[in-house]
Amino acid sequence: MSTSSPFGRLLTAMVSPMRPDGSIDPEGTRRLAEHLVETGHDGIVVNGTTGESATLSDDESIEMVRLVADAVGDRVTVVAGVGSNATAHSVEMTRRAIDAGATGLLLVSPYYNKPTQAGLIQHVRAVAEVSDLPVMLYDIPGRTAIPFDTATLLELAQLPTVKAVKDAKGDAWATSHVLADTDLLYFSGDDATTLPWLALGAVGTVSVVGHVAGREYAAMLAAVDAGDLAGAREIHTRLIPAVDAIMKPSQGAIMAKAALVETGVLENATVRLPLVESPPEHLEALRAGLKESGLL
């Protein structure tokens, strides 16, 4: 794949492997990071939503960055989620993540306290000015209640370290405007929109299904690069059962961990409350979807 993106192009928002008692599993984390490298990824997102960042302590979040950075070395980028609803906390976590080996930053819009767009701009500016590492903005108003408005993205694109957007807003026309008017790199932040966003001009994806479909997404990117939209569409269509099986029954982190157990990458699918592990009927649907997509 092209090296035109400082984050890489095929990234997965990595789960945080846990032991049965709910503690971070260092060996499982290293094994999963190695698996992602081996299946075509050139970047890994740590401490994103799928990494259960909301229930990790600060020290655990930094431990996850360090474990992944140590496991992958300089083979792929390590993009650390540093977002929170307190700007000072995000700045602190940015500094700590960099010290732990992060080579890129993922910054979600502040959740729950619902700042204005002016406040959102100042929040991003405070984090972006901490270092010269590239920053990827995470636009997911379905979780945060605060979108990055188009005008806000146009302004933030002028900051030298703000390089990209992980888009889970699902507004293709707004995305088209930003792509037309800025140099921001776009990444699909929803597996269902990977191919449509690539067709619009996105550079890559930050996936959940990529935990078990890295090679397939790498092939999709290569097909789009080659102008082979029919080939890319065939992969997109083949992955529909797997995407549905992982993203629809309950929640991405829950089902991604279950998929990694089914495929033998992880030993257990432990998640932290308020998340709970998959019931038998979800696991049956997961196995069926993975098999139909050729992943199991």
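The written sequence of each chain sets the order in which its residues are numbered from 1. Where local features are concerned, this predicted model is filtered to residues with pLDDT of at least 70; where side-chain atom pairs are given and counted, the filter is 80 or more; whole-chain, interface and lining totals use all residues. The basis for every side-chain value is the complete set of non-hydrogen atoms in the structure, without hydrogens or water.

Observations regarding unusual backbone geometry
Spelled out, the test is: In DSSP terms, a helix is any run of H or I states spanning at least four residues, a strand is any run of E spanning at least two, and both are numbered starting from the N terminus.
The residue after Leu 273, namely Pro 274, is reached through a cis peptide bond having omega 15 degrees. By the secondary structure assignment, Pro 274 is in the loop between helix H11 (252-262) and helix H12 (280-292). A positive phi angle is found at Asn 47, which is not glycine, with a value near 65 degrees. The phi torsion at Glu 52 lies on the positive side, around 55 degrees, for a residue other than glycine. Tracing the backbone through its elements, the reader meets Glu 52 in the loop between strand S2 (43-46) and helix H2 (58-72).

Quick notes on the pattern of salt bridges
Side-chain pairs of opposite charge can arise whenever the charged atoms involved come near each other. Convention followed: The working definition used for a salt bridge is a side-chain nitrogen of Lys or Arg within 4 Å of a carboxyl oxygen of Asp or Glu. Only protein chains enter the area calculation, which uses a 1.4 Å probe; residues under 20% of their type maximum are buried, those over 50% are exposed, and those in between are partly exposed.
Scanning the model with the defined rule gives 11 salt bridges in all. Between Glu 52 and Lys 257 there is a salt bridge whose closest N-O contact spans 2.7 Å. Of this pair, Glu 52 sits in the loop between S2 and H2 while Lys 257 sits in helix H11; the two residues are 205 residues apart in sequence, bridging distant segments of the chain. Here Glu 52 falls in the buried class, since its relative accessible area comes to 3%. Its salt-bridge partner being Glu 234, residue Arg 238 comes within 3.0 Å of it at the nearest N-O pair. With Arg 238 and Glu 234 both in helix H10 (residues 229-247), this residue pair falls 4 residues apart, about one helical turn. For Arg 238, a relative accessible area of 32% translates into the label partly exposed. By sharing partners, the salt bridges in this structure join Glu 27, Arg 30 and Arg 31 into a single network.

Regarding the nonpolar core
Considering soluble globular proteins, one finds that nonpolar side chains tend to be buried as a cluster. Applied cut-off: Throughout this description, the term nonpolar core refers to a set of buried Ala, Val, Leu, Ile, Met, Phe, Trp, Tyr and Cys residues connected via side-chain atoms within 4.5 Å.
Membership of the largest hydrophobic core comes to 85 residues, with the highest contact counts inside it found for Ile 44, Val 72, Val 124, Ile 246 and Leu 286. Residues Val 45, Met 136, Ala 164 and Val 206 belong to the second largest nonpolar core, which totals 15 residues.

Observations regarding helix H4 (residues 117-128)
Here is the rule: Here a helix's expected span is defined as the number of its residues, less one, multiplied by 1.5 Å. This arc describes the spread of directions from the helix axis toward the C-beta atoms. Contact criterion: two residues are considered in contact whenever any of their non-hydrogen atoms come within 4.5 Å of each other.
The end-to-end C-alpha distance of H4 is 16 Å, a good match for the 16 Å that 12 residues give at a rise of 1.5 Å each. Turning to H4, its buried residues are Gln 117, Leu 120, Ile 121, His 123, Val 124, Val 127 and Ala 128. In an axial view of H4, the angular spread of the buried residues amounts to 160 degrees, which keeps them on one side of the axis. Where H4 is buried, its residues touch helix H3 (87-100), strand S4 (104-108), strand S5 (135-139), helix H6 (150-156) and strand S6 (162-167).

A word on the packing of aromatic side chains
One pair of aromatic rings is described through two measures. These are the centre distance and the angle between the planes. In plain terms, the rule: Stacked, edge-to-face and tilted labels apply to pairs of Phe, Tyr and Trp rings (six-membered ring for Trp) whose centres lie within 6.5 Å, assigned for plane angles under 30 degrees, over 60, and everything in between, in that order. For a ring to carry a charge above it, either NZ of a lysine or CZ of an arginine must fall within 6 Å of the ring centroid while also lying within 35 degrees of the normal to the ring plane.
All told, the structure shown has 1 aromatic pair when counted by the stated rule. When the ring of Phe 7 is compared with that of Phe 187, the centres are 6.1 Å apart and the planes differ by 85 degrees; the resulting orientation is edge-to-face. With Phe 7 in the segment before strand S1 (10-13) and Phe 187 in strand S7 (residues 185-188), the pair connects residues that are 180 residues apart, well separated along the chain. In this structure, Phe 7 and Phe 187 share a single accessibility class: buried. The ring of Tyr 138 is capped by Lys 166, whose NZ or CZ atom sits 3.9 Å from the centre of that ring.

Regarding the UniProt feature "site: Part of a proton relay during catalysis" (unreviewed entry) in the protein
Stated formally: UniProt positions are given in the numbering used here, feature names are shortened, and annotations may be inferred rather than shown by experiment.
Mapped onto this structure's residue numbering, the UniProt feature "site: Part of a proton relay during catalysis" (unreviewed entry) falls at Thr 49 and Tyr 112. Here Thr 49 is to be found in the loop between S2 and H2. Leaving out residues up to four positions away in the same chain, Thr 49 has contacts with Tyr 138 and Arg 143. Within the secondary structure layout, Tyr 112 lies in the loop between S4 and H4. According to the relative accessible area criterion, Tyr 112 is exposed, its value standing at 74%. Once residues lying within four places of it in the same chain are set aside, the contact partners of Tyr 112 are Asn 85 and Thr 144.

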